[in-house]
Amino acid sequence: MDSHNIMFIILAVIIACSSLACVLAKSIIRAATYLFFALLGTAGLYFLMGYTFLGSVQVMVYAGGVVVLYVFAILLTRGKKDRLSENTKTKIFTSALLSLVGLGIVLFAIFKQEFLASALDAPNENVLPIKEVGTSMLSTDVNGYLLPFEAVSVLLLACIVAALLIARKR
Amino acid sequence: MIELNYILIVSAIMMFAGIFGFLTRRSTLAILLSIELMLNSADINFAVFNRMLYGQSGNTEGFFFTLFSIAITAAESAIAIAIMVNIYRLIKDTSVDKLTKMKW
């Protein structure tokens, strides 16, 4: 049992518990907090796989940006509390049954697969060096991603304008 | 010994927790939180499959798919929250039961 295996178990427990708590919490601001921990655990998984750039992007964009945006929106639109008990028992039971059956099918498929399963080795940054990420993001070769990069920047610009237009006071 | 594809189990749990929340929540913001969970588990899957199938061989399609997917998620949640704030200004409630009129 190496240290990164223990780290994986800790991260898995954090992610599973906080995802469940996120959908079961009574108060919506608590649900946002649990979502924050689930997203940080995901960043930890990316670091563990060796994708350090992806982990930092996850921490910066999701944990730093999206969750803060959600908390602001929750505080701005503070209405009645979101109650799970407003649903009928049948609806909660049906939803839980559907989710558990789906989870069972997916877990069965995962355990029966024959992928090239490799052991989870110690995290190192040589899996995908930052230099390679930067060059392939701005190159037009076969492995280049310049077109989606520019498309995403145009999309973000359009999104800023649209968010201002939708949420402005009139 | 932990294998790389055990991460898929974690992401499956996250995905179905999100689906359960999507089906049971009443408030639109809580539904959006569940959608974030589902999107995030899909992102984990892209990264894990890229790591599992290509490793250090230099093929980075899953990695970049995750990267652009995170950027698109940020845009999506910004627009969705703008719509929520607007709805709250109009009818003072963001529960799905009250959102029956989709007009100005």
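Residues numbered from 1 in each chain as written. Chains lettered and ligands numbered in written order. Predicted model: local features only at pLDDT ≥ 70, side-chain atom pairs only at ≥ 80, totals over all residues. Heavy atoms only, no water.

## Describing the overall build of chain A
So, point 1. A count of helical and extended segments in chain A gives six helices and zero strands.
So, point 2. Taken from the N to the C terminus, the helices and strands of chain A come in the order α-α-α-α-α-α.
So, point 3. Taken along its principal axes, the extent of the C-alpha atoms in chain A is 50 × 50 × 25 Å.
So, point 4. When the 170 residues of chain A are sorted by exposure, 36% land in the buried category.
So, point 5. Here the contacts in chain A between residues at least 6 apart in sequence split such that 55% fall between residues at least 24 apart.
So, point 6. Of the charged side chains in chain A, 13 are positive and 9 negative; the average position of the first set lies 26 Å away from that of the second. (Helix = DSSP H or I, 4+ residues; strand = E, 2+ residues; numbered from the N terminus. Buried < 20%, exposed > 50% of the residue type's maximum accessible area, 1.4 Å probe, protein only. Contact = heavy atoms within 4.5 Å. Lys, Arg positive; Asp, Glu negative; His and termini not counted. Charge placed at Lys NZ, Arg CZ, Asp CG, Glu CD.)

## Topic: the packing of helix α6 (residues 146–167) of chain A against helix α3 (residues 61–91) of chain B
So, point 1. As a packed pair, α6(A) and α3(B) sit with axes 9 Å apart at the nearest point and diverge in direction by 10°. It follows that α6(A) is roughly parallel to α3(B) by the angle criterion. Residue-level contacts link Pro148(A), Phe149(A), Val152(A), Leu155(A), Leu156(A), Cys159(A), Ala162(A), Ala163(A), Ile166(A) and Ala167(A) of α6(A) to Phe68(B), Ala71(B), Ile72(B), Ala75(B), Ala78(B), Ile79(B), Ala82(B), Ile83(B), Asn86(B) and Arg89(B) of α3(B).
So, point 2. By residue class, the composition of the contact of α6(A) with α3(B) is 18 nonpolar, one polar and one charged. (Axes fitted to C-alpha atoms, helices over the stretch in contact; angles between N-to-C directions. Parallel < 35°, antiparallel > 145°, perpendicular 65-115°, else oblique. Nonpolar A, V, L, I, M, F, W, Y, C, P; charged D, E, K, R; others polar.)

## Regarding the domain arrangement of chain A
All names here are of chain A.
So, point 1. Entries for chain A in the domain assignment read domain 1 (3–127) and domain 2 (128–170).
So, point 2. Computed from C-alpha atoms alone, the centre-to-centre distance between domain 1 and domain 2 is 25 Å.
So, point 3. In this assembly, five residues from domain 1 lie in contact with five residues from domain 2.
So, point 4. Regarding the contact of domain 1 and domain 2, the summed buried area is about 410 Å², with carbon and sulfur atoms giving 66% of it. (Domains from an automatic or database assignment. Buried area = accessible area lost by both parts, 1.4 Å probe.)

## Topic: the nonpolar core
So, point 1. Within the largest apolar cluster, 65 residues are counted, with the highest numbers of intra-cluster contacts made by Phe8(A), Leu45(A), Leu54(A), Ile7(B), Leu29(B), Phe63(B) and Phe64(B).
So, point 2. Mapped onto this core, the elements with two or more residues apiece are α1 (3–24), α2 (28–49), α3 (52–76), α4 (89–112) and α5 (130–137) of chain A together with α1 (7–24), α2 (28–54) and α3 of chain B.
So, point 3. Per-domain counts for this core show at least three residues from each of domain 1 (3–127) and domain 2 (128–170) of chain A.
So, point 4. Sequence-distant contacts of Leu54(A), that is, excluding residues within four places in its chain, are made with Tyr46(A), Ala47(B), Phe63(B), Thr66(B), Leu67(B) and Ile70(B). (Core = buried A, V, L, I, M, F, W, Y, C linked by side-chain atoms within 4.5 Å.)

## Notes on α1(A)
So, point 1. The terminal C-alpha atoms of α1(A), which comprises 22 residues, lie 32 Å apart, in line with the 32 Å expected from a rise of 1.5 Å per residue.
So, point 2. Looking only at α1(A), the buried set comprises His4(A), Asn5(A), Phe8(A), Leu11(A), Ala12(A), Ile15(A), Ala16(A), Ser18(A), Ser19(A), Cys22(A) and Val23(A).
So, point 3. Of the surrounding elements, those touching the buried residues of α1(A) are α2 of chain A together with α1 and α2 of chain B. (Expected span 1.5 Å × (residues − 1).)

## Digging into the interface of chain A and chain B
So, point 1. Contacts between chain A and chain B engage 87 residues on the former and 74 residues on the latter.
So, point 2. Of the roughly 7,300 Å² buried where chain A meets chain B, counting both sides, 73% is carbon and sulfur surface.
So, point 3. Run the count over chain A and chain B and you get zero salt bridges.
So, point 4. Where chain A touches chain B, the interface holds 12 residue pairs in polar contact (both at pLDDT 80 or more).
So, point 5. At the level of secondary structure, the elements contributing two or more residues to the side of chain A that touches chain B comprise α1, α2, α3, α4, α5 and α6 of chain A.
So, point 6. Of the residues assigned to the side of chain A that touches chain B, the class counts are 60 nonpolar, 15 polar and 12 charged. (Salt bridge = Lys/Arg side-chain N within 4 Å of Asp/Glu carboxyl O. Polar contact = N/O pair within 3.5 Å; in protein donor to acceptor, adjacent residues only side chain to side chain.)

## Some remarks on the packing of aromatic side chains
The geometry of an aromatic ring pair is captured by two quantities: the separation of the ring centres and the angle between the planes.
So, point 1. According to the stated counting rule, one finds six aromatic pairs over all chains in the structure shown.
So, point 2. Ring geometry for Tyr51(A) against Phe63(B): centres 5.1 Å apart, planes inclined by 70°, an arrangement best described as edge-to-face. Linking Tyr51(A) in the loop between α2 and α3 with Phe63(B) in helix α3, this pair reaches from one chain into another. The pair Tyr51(A) / Phe63(B) is uniform in exposure class, with both members buried.
So, point 3. Taking the centre distance of 4.5 Å and the plane angle of 20° together, the rings of Phe46(B) and Phe65(B) count as stacked. Of this pair, Phe46(B) sits in helix α2 while Phe65(B) is found in helix α3, placing the two residues 19 residues apart along the sequence.
So, point 4. Under the relative-accessibility criterion, Phe65(B) is labelled partly exposed at 48%.
So, point 5. By way of ring pairs, the aromatic residues Tyr51(A), Tyr145(A), Phe63(B), Phe64(B) and Phe68(B) are connected into one cluster. (Phe/Tyr/Trp six-rings, centres within 6.5 Å; stacked < 30°, edge-to-face > 60°.)

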